[in-house]
Amino acid sequence: MLSLAVSIVLCQAASSKLDDAVLAPAWAKIQASVVVVMKGESRRGTAALIDAQGYFITGRSVLAGNGALEGLFADGTRITLFPVASDAPTQLALLRTYDRIGDRHAVPLYRLPLGEVVDATHPKILIAALADGPTGAQLVNTRTLALVGNGHEVINVNEIHFDGRPGRVAGAPVFTLEGSLVGVLSAMLEHKPRVGAAFEGGAPRQNIPRPSFAGQPAAPSQGDSVLYSPGFVVMQRVITGFLTPEHAVVRPAIGVFCQDSPESGALVDAVLDDSPADLAGIKEGDVIISIDGAPIRKAFDFGRTMLRQTVGSTISISARRHGRVLDFKVRVGM
Amino acid sequence: MKRRDEDQLIHLAFGELAADEAARVEAALTPDSVQLLDGYRSLKNDLKLLNAAPAASIGTERLREAILRQGLKRKAPLARWGLVLAPCLSALLVLAFFSAQSNNGSSTTVVTESGGFDPTMFLPAMRQPALHPETEITNASEAVREDVAFPQAESPKPVTQAFVVSAPKRIRRVHLSPTVDPRLLALDVSHDSSPTEQTSQEPDPSAPPVSATPFAADDPSLATPDGRDIIVVHDAQDRVTGAQQATEVDPTTNVVVGG
């Protein structure tokens, strides 16, 4: 009965939002791999199948403690879902079912092809599997950097726009029209003035160009909601870690905190005891000016460069100390 | 009821019968056996719930916070030995000064190796459950090795290295524009109170480092540094959407970045 009711809700939502010739076929491709996550009568979010052995990815906000949840496919199939692991910086979570899921296929992870640019004038149409039904969205930026977590880690995120203010979106997987997983929605932009002098307006982003659906002219936006999902590199890192036997995500780090140097470079503000940086001889007050030959002009350059590293590899760091340039070989830890 | 029939019911309840066999057993159910079957199914569900219960009711993050609140402070070895070491260091500095003067005067490039890296040195005093701290394992049964298949997924060895993220000792003052989002103060270095957030990762000295992202380096979205939007994601969640709140940051704003 419950499944029937939810199926009806899903179908109604789908029919009301996907009366579009573009989005409906996309939903048909992915709906078999998406479950609505329920706790009792409450729909907590959605999750996408990422492994044929029954692993689903969603957001932490979808979890309800450590207890079991119920998953409901669009065809009415019900499964029991168990929380397995979660990742604090990205807010991603892993669920697993031990029930039979038939021949449903795991969704592939989307990677922006080399040379393809996505921006506000060339958005990519997406379909988001929200708890109250699938809906369209636009990927407008894959180059945004985000500072997350207690470790002040820099990650890359996708900027995804929705018309108006969507309902409960956190943890919702977002797909391309071809059915590849772009990410899981985790953060939402507050329309407040930026910190700093360069942007004082603080107006909500509006009138973002959008292609027309099914030949209908695009309606002017009344103000988009801007949401973020972890970018490809981070998604792949987390999913890869989740699907290891330990379900552990590892992140490259050398154990320093940096801020912008008054001159160019990343000023090392703290070196963690016994970290790779400490063992290599990097000290507080050093100014990192390059990593593996790539210039580091500010602290964010350092964070972005660390995001690209591999745990266990050795990197060359050049740093200024009292007017001299020192070179360090640092083995990347995590 | 025969023992064999009861075994069949158990297999049916636990989903261990082939479809045709399950259909045959279900067709032959009597009212008594239906009741028994419901009991077994209930048992299966209860077992699953037990399976989902955490090994301890305390989460990894709370455990970490509790440990860190008890004061994992940076070592201050010189405090105790300062009186003894100070004269020795002074002598060494004098020697080093004269040694430097005797060089040819060109800018020196020092190459230091962190070779001989010992993961057990990362966090010698801290041993936590063998979990990655930022990857909270919520199902104890998942510690069992399973064959997993995901494209490009390596099967890394257990977490090997960790270090305590402790607050910087020195507080630097960095000029900011007057319009400072107070929530950024936790990240910004212009405030007076020392940041207190700490994270830790459990060391496992028995295994080599794990290669995490062999595919990341050629991602075009990370290639160029210029023209990027920057946001800070806060812990606070939006009540309606459930999403964490994000704030745009001007690229000129000086915030602390870890790595």
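Position labels on residues start from 1 in each chain and follow its written sequence. Both sets of labels track the order of writing: A upward for chains, 1 upward for ligands. pLDDT decides what is reported in this predicted model: residues at 70 or higher carry local features, side-chain atom pairs at 80 or more are listed and counted, and totals for whole chains, interfaces and linings draw on all residues regardless. Working from all heavy atoms in the structure, the side-chain values ignore hydrogens and water.

## Focus: the overall build of chain B
- A tally of helices and strands in chain B yields 5 helices and 5 strands.
- Secondary structure elements follow DSSP: runs of H or I of four or more residues count as helices, runs of E of two or more count as strands, with numbering from the N terminus. Traced from its N-terminal end to its C-terminal end, chain B shows the element sequence α-α-α-α-α-β-β-β-β-β.
- Using a 1.4 Å probe on the protein chains alone, a residue whose accessible area is under 20% of its type maximum counts as buried, one over 50% counts as exposed, and one in between counts as partly exposed. Among the 259 residues that make up chain B, the fraction classed as buried is 38%.

## Looking at the nonpolar core
Residue and element names in this part refer to chain A.
- Residue types Ala, Val, Leu, Ile, Met, Phe, Trp, Tyr and Cys, when buried and joined through side-chain atoms within 4.5 Å, form a set referred to as a nonpolar core. Of all hydrophobic cores here, the largest spans 43 residues; its most connected members are Ile 50, Ile 57, Phe 175 and Leu 181.
- Among the elements that take part in this core, helix α3 (residues 232–242) stands out by supplying 7 residues, more than any other.
- Ranked by size, the runner-up nonpolar core spans 31 residues in total, among them Val 154, Ile 254, Cys 258 and Phe 300.

## Things to note about the packing of helix α1 (residues 3–13) of chain B against helix α2 (residues 19–27) of chain B
Residues and elements named next belong to chain B.
- Structural elements are reduced to axes, namely lines fitted to C-alpha atoms, with helices fitted over the stretch in contact, and the angle between N-to-C directions of any two is expressed from 0 to 180 degrees. Their axes nearest at 10 Å, the elements α1 and α2 cross at an angle of 125 degrees. Put simply, α1 runs oblique to α2. Where α1 crosses over α2, the two elements pack in a sense that is left-handed. The segment α1 lies against α2, with Gln 8, Leu 9 and Leu 12 engaging Glu 21, Ala 22, Arg 24, Val 25 and Glu 26.
- Looking at the contact of α1 with α2 residue by residue, the classes come out as 4 nonpolar, 1 polar and 3 charged. Oblique is the label for any angle not covered by the other classes, which are roughly parallel (under 35 degrees), roughly antiparallel (over 145) and roughly perpendicular (65 to 115). A clockwise turn of the near helix away from the far one marks a right-handed crossing, whereas an anticlockwise turn of less than a right angle marks a left-handed crossing. The contact definition used throughout considers only heavy atoms, calling two residues in contact when any of these lie within 4.5 Å. Think of it as three bins: nonpolar holds Ala, Val, Leu, Ile, Met, Phe, Trp, Tyr, Cys and Pro, charged holds Asp, Glu, Lys and Arg, and polar takes everything else, Gly as well.

## Concerning the pattern of salt bridges
Residues and elements named next belong to chain A.
- A pair is scored as a salt bridge if a Lys or Arg side-chain nitrogen falls within 4 Å of a carboxyl oxygen belonging to Asp or Glu. Applying the stated criterion across every chain yields a total of 9 salt bridges over all chains.
- Here Asp 286 makes a salt bridge to Arg 321, at a shortest N to O gap of 2.7 Å. Of this pair, Asp 286 sits in the loop between α4 (276–280) and β16 (287–291) while Arg 321 sits in strand β18 (residues 314–321), placing them 35 residues apart in sequence.
- Here Asp 286 falls in the buried class, since its relative accessible area comes to 1%.
- A network of salt bridges, in which partner residues are shared, links Asp 87, Glu 153 and Arg 251.

## Quick word on the packing of aromatic side chains
Residue and element names in this part refer to chain A.
- Planes of paired rings set the category: under 30 degrees apart is stacked, over 60 is edge-to-face and the rest tilted, where pairs are Phe, Tyr or Trp rings (Trp by its six-membered ring) whose centres lie within 6.5 Å. Summed over all chains, the structure comprises 2 aromatic pairs over all chains.
- Measuring from centroid to centroid gives 5.8 Å for Phe 82 and Tyr 98, while their planes differ by 55 degrees, and the two rings are tilted. In this pair, Phe 82 sits in strand β5 (residues 78–87) while Tyr 98 sits in the loop between β6 (92–96) and β7 (124–130), placing the two residues 16 residues apart along the sequence.
- Take Phe 82: its relative accessible area is 0%, and that puts it in the buried class.
- Residue Tyr 98 is classed as partly exposed on the basis of its relative accessible area, which comes to 35%.

## Some points on the confidence of the model for chain A
Residues and elements named next belong to chain A.
- Values of pLDDT, the confidence the predictor places in each residue, fall between 0 and 100. Chain-level pLDDT for chain A is 84 on average; 84% of the residues reach the 70-or-more range.
- Contacts for the low-pLDDT stretch residues 1–18, under 50 throughout, to residues beyond four places or in other chains number 35 contacts.
- Predicted confidence for residues 192–222 stays below pLDDT 50, and this span has 65 contacts to residues more than four positions away or in other chains.

## What to know about the confidence of the model for chain B
All names here are of chain B.
- Taken over all residues, the pLDDT of chain B has a mean of 54, while the share at 70 or more is 32%.
- When pLDDT is averaged over each element of chain B, strand β5 (residues 257–258) comes out on top at 91 and strand β1 (residues 111–113) at the bottom at 33.
- Here residues 139–218 is a poorly scored stretch, pLDDT under 50, and it has 239 contacts once near neighbours within four places are set aside; other chains count.
- As a predicted assembly, this complex carries a pTM of 0.60 together with an ipTM value of 0.81.

## Points about helix α5 (residues 299–307) of chain A
- Counting buried positions along α5 of chain A gives 9 out of 9 residues, so the element sits mostly inside the fold.
- Buried residues of α5 of chain A: Ala 299, Phe 300, Asp 301, Phe 302, Gly 303, Arg 304, Thr 305, Met 306 and Leu 307 of chain A, and no others.

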